[in-house]
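# Structural description and commentary
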Amino acid sequence: MHSKANCQHVLKTGYTKMAELLFNMDDGYFEGLVRGFRSGILVQADYMNLCQCETLDDMKLHLQTTSYGSFLANESSPLAVSVIDEKLKEKLVNEFQHVRKQCVEPLATFLDYITYSYMIDNIILLITGTLHERDIHELIAKCHPLGIFPELGSLSIAHTPTELYNSVLVDTPLAPFFMNCVSEQDLDELNIEVVRNTIYKEYLESFYKLCVEIGSPTSDVMCPILEFEADRRSFNITINSFGTELTKGDRVKLYPAIGKLYPEGLDKLAECSDYEGVAHVASFYAEYRELFEGVGTGAGDKTLEDKFFEREVHLTKLAFMQQFHYGVFYSYMKLKEQEIRNIVWIAECIAQRNKTKIDNFIPIFE
């Protein structure tokens, strides 16, 4: 006779194997594909070689020996940093679109959510640009290619959040995130940042809810990553609000209602009036205490932004330790974003012939 505990173990094992089988039926190929892409991420030795380059053409030759291959083959000398940045993003977008065009639900919706953050950034870029009377076509050329959508070119007609919503965004995937920031106030510098953070709050909470609905193991991997992103935004909102017209009450409305800081930590953050107060709140959370303690202002010291990026890299690398989940897709995009920042930073140092800070990038894999 089997004991009750043994029967429960057998049932649980059976459910797990069935879930893995169903995952592989629809999404196994794409997970394997992304894990293959991940193996091409640059390692420490690649960065050492890049740092030794004297010109951008030297960088081009070295990058040809990596997974990037001949992505700059059609670009003539002398290379510009902006061209390298553009081609790096183009290659990443091609990889993403290759998966997105073939996958089925719920992975399709999950991947769409990844693009929403780029859409939000593009919208804010265009609104800010038009506020300063910049040409809309020039601004669109600077938008991230993953966040391009048809209505983007019409943003210049909007002068208030209400017009922005009713005239442009009502039929886009971002419409639900704009519901709580629709007002008749003019879109000035401060209000644009409020709109950005309000939209991002709605987006993160919605993405978190989607991951919970998809269930384990996707939720086990993604929820901690999104919680960290929410907390990072809460810290940054608080620090950036010092010296502005943003009141403590306004600040609270911009904090995402997820994360390790929610709710007690956010209440404490709302009362902060200087950077030291924010660091004090962070000291109550072990993972954030070490980030704030490692910040410096001297040569070679890391900024708080650097420490946050390092933490993000750590969390997204952990996603590849498990299988049968969607977290690898999000994590791969974040790791590649960091890799692109690293390469562009090194390229800028070489282009400006100033290598004193060329090592100030965040390595991903040893």
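Look up a bit, the structure's there.
Summarised in this report is the structure supplied together with it. All values derive from a computational prediction rather than experimental measurement. (Residues numbered from 1 in each chain as written. Predicted model: local features only at pLDDT ≥ 70, side-chain atom pairs only at ≥ 80, totals over all residues. Heavy atoms only, no water.)

## Things to note about the overall build of the protein chain
- Counting its regular elements, the protein chain contains 17 helices and zero strands.
- On C-alpha atoms alone, the protein chain measures out to a radius of gyration of 22 Å, which is about the 21 Å that the 2.2 N^0.38 rule sets for 366 residues.
- The dimensions of the protein chain, computed from C-alpha atoms along their principal axes, are 80 × 55 × 45 Å.
- A total of 366 residues make up the protein chain; the buried ones form 48% of that total.
- Taking the intrachain contacts of the protein chain between residues at least 6 apart in sequence as the baseline, contacts between residues at least 24 apart amount to 63%.
- Seen as two clouds, the 34 positive and the 54 negative side-chain charges of the protein chain have centres 6 Å apart. (Helix = DSSP H or I, 4+ residues; strand = E, 2+ residues; numbered from the N terminus. Rg over C-alpha atoms; globule rule 2.2 N^0.38 Å. Buried < 20%, exposed > 50% of the residue type's maximum accessible area, 1.4 Å probe, protein only. Contact = heavy atoms within 4.5 Å. Lys, Arg positive; Asp, Glu negative; His and termini not counted. Charge placed at Lys NZ, Arg CZ, Asp CG, Glu CD.)

## Notes on the side chain of H62
- Summarising the element assignment, H62 is placed in helix α4 (residues 56–63).
- Setting aside chain neighbours within four positions, we find H62 in contact with D46, N49 and L50.

## Some thoughts on helix α5 (residues 81–100)
- Compared with an ideal rise of 1.5 Å per residue, which puts 20 residues at 28 Å, α5 spans 29 Å between its outermost C-alpha atoms and is within 8% of the ideal.
- Turning to α5, its buried residues number three or more, namely V81, I84, K87, L88, K91, L92, V93, E95, F96 and V99.
- Turning to α5, the residues buried within the fold contact α2 (28–38), α4, α6 (107–131) and α17 (327–351). (Expected span 1.5 Å × (residues − 1).)

## Here we look at helix α3 (residues 44–51)
- Residues of α3 that are buried include every one of D46, Y47, L50 and C51, and no others. Along the axis of α3, the buried residues cluster in a sector spanning 135°; they form a single face.
- Residues of α3 that are buried in the fold lie against α4 and α17. (Arc of directions from axis to C-beta.)

## Overview of the side chain of K307
- Residue placement: K307 occurs in helix α16 (residues 304–318).
- On the basis of relative accessible area, K307 is assigned to the buried category, the value being 15%.
- Leaving out residues up to four positions away in the same chain, K307 has contacts with E290, L291, G294, V295 and K302.

## What about the packing of α6 against α17?
- Packing of α6 against α17 leaves a shortest axis separation of 10 Å and a crossing angle of 30°. Relative to α17, α6 is oriented roughly parallel. As for how α6 packs across α17, the hand of that crossing is right-handed. Residues L107, F110, L111, I114 and Y118 of α6 touch α17, and the partners they reach there are F329, Y330, M333 and E337.
- Along the lines of polarity and charge, the residues of the contact of α6 with α17 split into eight nonpolar, no polar and one charged. (Axes fitted to C-alpha atoms, helices over the stretch in contact; angles between N-to-C directions. Parallel < 35°, antiparallel > 145°, perpendicular 65-115°, else oblique. Left-handed = near helix turned anticlockwise from the far one by under 90°. Nonpolar A, V, L, I, M, F, W, Y, C, P; charged D, E, K, R; others polar.)

## Quick word on the nonpolar core
- Of all hydrophobic cores here, the largest spans 118 residues; its most connected members are F110, I114, F178, F207 and F329.
- In terms of residues, this core owes the most to one element, α6, which gives 14 residues.
- Every residue in contact with F207, bar those within four places of it in the chain, is listed here: F110, Y113, I114, M222, L226 and Y330. (Core = buried A, V, L, I, M, F, W, Y, C linked by side-chain atoms within 4.5 Å.)

## Overview of the pattern of salt bridges
- The tally for this structure, following the rule as stated, stands at 22 salt bridges.
- Here D85 and K89 are joined by a salt bridge, their closest N and O atoms 3.6 Å apart. Taken as a pair, D85 and K89 lie in helix α5 at a separation of four residues, close to a single helical turn.
- When the shortest N-O distance is used, the salt bridge between R196 and E193 registers 3.4 Å. (Salt bridge = Lys/Arg side-chain N within 4 Å of Asp/Glu carboxyl O.)

## Quick notes on the packing of aromatic side chains
- For the structure on display, the rule yields 25 aromatic pairs.
- Relative to F308, the ring of F292 lies with its centre 6.4 Å away and its plane at 85°, an arrangement referred to as edge-to-face. Separated by 16 residues along the polypeptide, F292 in helix α15 (residues 286–293) and F308 in helix α16 bring together distant segments of the chain. Per residue, the accessibility class of F292 equals that of F308, and both read buried.
- Here a set of aromatic residues connected by ring pairs shows up, and it is made of F23, F110, Y113, Y116, F177, Y200, Y203, F207, F324, Y326, F329 and Y330.
- In this structure, R38 packs its charged tip against the face of F320, placed 5.7 Å from the ring centre.
- It is K268 that lies over the ring of F284; its NZ or CZ is 5.8 Å from the centre. (Phe/Tyr/Trp six-rings, centres within 6.5 Å; stacked < 30°, edge-to-face > 60°. Lys NZ or Arg CZ within 6 Å of the ring centre and 35° of its normal.)

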